[in-house]
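# Notes for the structure review
If you want the building blocks of each chain, they are given just below.
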Amino acid sequence: MKNFKFLMPMLAFVMAVGMAFANKVNEQSNGWVERDGMPYQLQNDPCDSGESIPCEVRFTDDPGTVLQVYTDSSLQTPKIGGDTAAYIISE
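Report follows, based on the coordinates.

Reading the values: the criteria
Residues numbered from 1 in each chain as written. Predicted model: local features only at pLDDT ≥ 70, side-chain atom pairs only at ≥ 80, totals over all residues. Heavy atoms only, no water. Pairing = 2+ DSSP bridges. Helix = DSSP H or I, 4+ residues; strand = E, 2+ residues; numbered from the N terminus. Axes fitted to C-alpha atoms, helices over the stretch in contact; angles between N-to-C directions. Phe/Tyr/Trp six-rings, centres within 6.5 Å; stacked < 30°, edge-to-face > 60°. Buried < 20%, exposed > 50% of the residue type's maximum accessible area, 1.4 Å probe, protein only. Lys NZ or Arg CZ within 6 Å of the ring centre and 35° of its normal. Polar contact = N/O pair within 3.5 Å; in protein donor to acceptor, adjacent residues only side chain to side chain. Contact = heavy atoms within 4.5 Å. Disulfide = S-S within 2.5 Å.

With mixed pairing, the 3 strands of this open sheet are ordered in space as β4-β3-β5. Sheet topology places β4 (62–68) and β5 (87–89) at the edges, where each strand pairs with a single neighbour. Pairs of neighbouring strands in the sheet enclose a mean axial angle of 30°, with direction left out of account. Note that strand β3 (residues 56–59) and β4 share 3 bridges and pair antiparallel. Each bridged residue has a counterpart across the sheet, and for Glu56 the counterpart in β4 is Gln68.

Here it is as C-alpha cells:
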C-alpha cells in the first residue's frame, strides 16, 4: 500500500507530460499556392466540392493564370476537392 501511494502521483505526472506532447499540428489548412515563386497560404478553403479533382484557383488581379492548390507550404501534394473550372479568389 505504501508503494501504491507513492506510485499514483508519479504515474499521473508521467501521463501529464506524455499528453503534453501527444497533440498534432493543425494539418487541415485552407491550401497553398505558388505566387511569384513563393508559397502563399489561402485565406479561405475553395476545395470543398467532394470530387476527386485537383483544386485550382484564379486570383481576380491575375485572371489569366490558373494556380494549383497544394496541401502544405512545401508545394508537393496537390489538394483534392476541386471543380471542373478553377475557383476565382479575390485576395
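Right, let's get into the pairing of strand β2 (residues 38–41). Where strand β1 (residues 32–35) and β2 come together, 4 bridges link them in antiparallel fashion. The partner of Glu34 across the bridge, within β2, is Pro39. Taking the residues between adjacent antiparallel strands as the criterion, β1 and β2 are bridged by 2 residues, where Asp36 takes a positive phi near 55°.

The next subject is the packing of aromatic side chains. Under the criterion given, the structure shown has 1 aromatic pair. Taken together, a centroid distance of 6.0 Å and an interplanar angle of 75° make the contact between Tyr40 and Phe59 edge-to-face. One end of the pair, Tyr40, is in strand β2; the other, Phe59, is in strand β3, with 19 residues separating them in the sequence. Residue Phe59 is classed as buried on the basis of its relative accessible area of 2%. The side chain of Arg35 reaches across the aromatic face of Tyr40, ending 5.5 Å from its centre. Directly above the ring of Phe59 sits Arg35, whose terminal nitrogen or CZ lies 3.7 Å from the centroid.

This part is about the side chain of Lys79. Mapped onto the fold, Lys79 is located in the loop between β4 and β5. Residue Lys79 is classed as buried on the basis of its relative accessible area, which comes to 9%. A distance of 3.5 Å separates a polar side-chain atom of Lys79 from the backbone oxygen of Asn30. Among all residues touching Lys79, those that are not within four sequence positions of it are Ser29, Asn30, Gly31, Asp45, Cys47, Ile53, Pro54, Cys55, Gln68, Val69, Tyr70 and Thr71.

Moving on: the state of the cysteines. By definition, a disulfide links two cysteine residues through a covalent bond between their sulfur atoms. Scanning the model with the defined rule gives 1 disulfide in all. Covalent S-S linkage joins Cys47 and Cys55, the inter-sulfur distance amounting to 2.1 Å. Where Cys47 bonds to Cys55 through sulfur, the torsion about that S-S bond is close to -85°, and the disulfide is left-handed. The exposure class of Cys47 is buried, given its relative accessible area of 8%.

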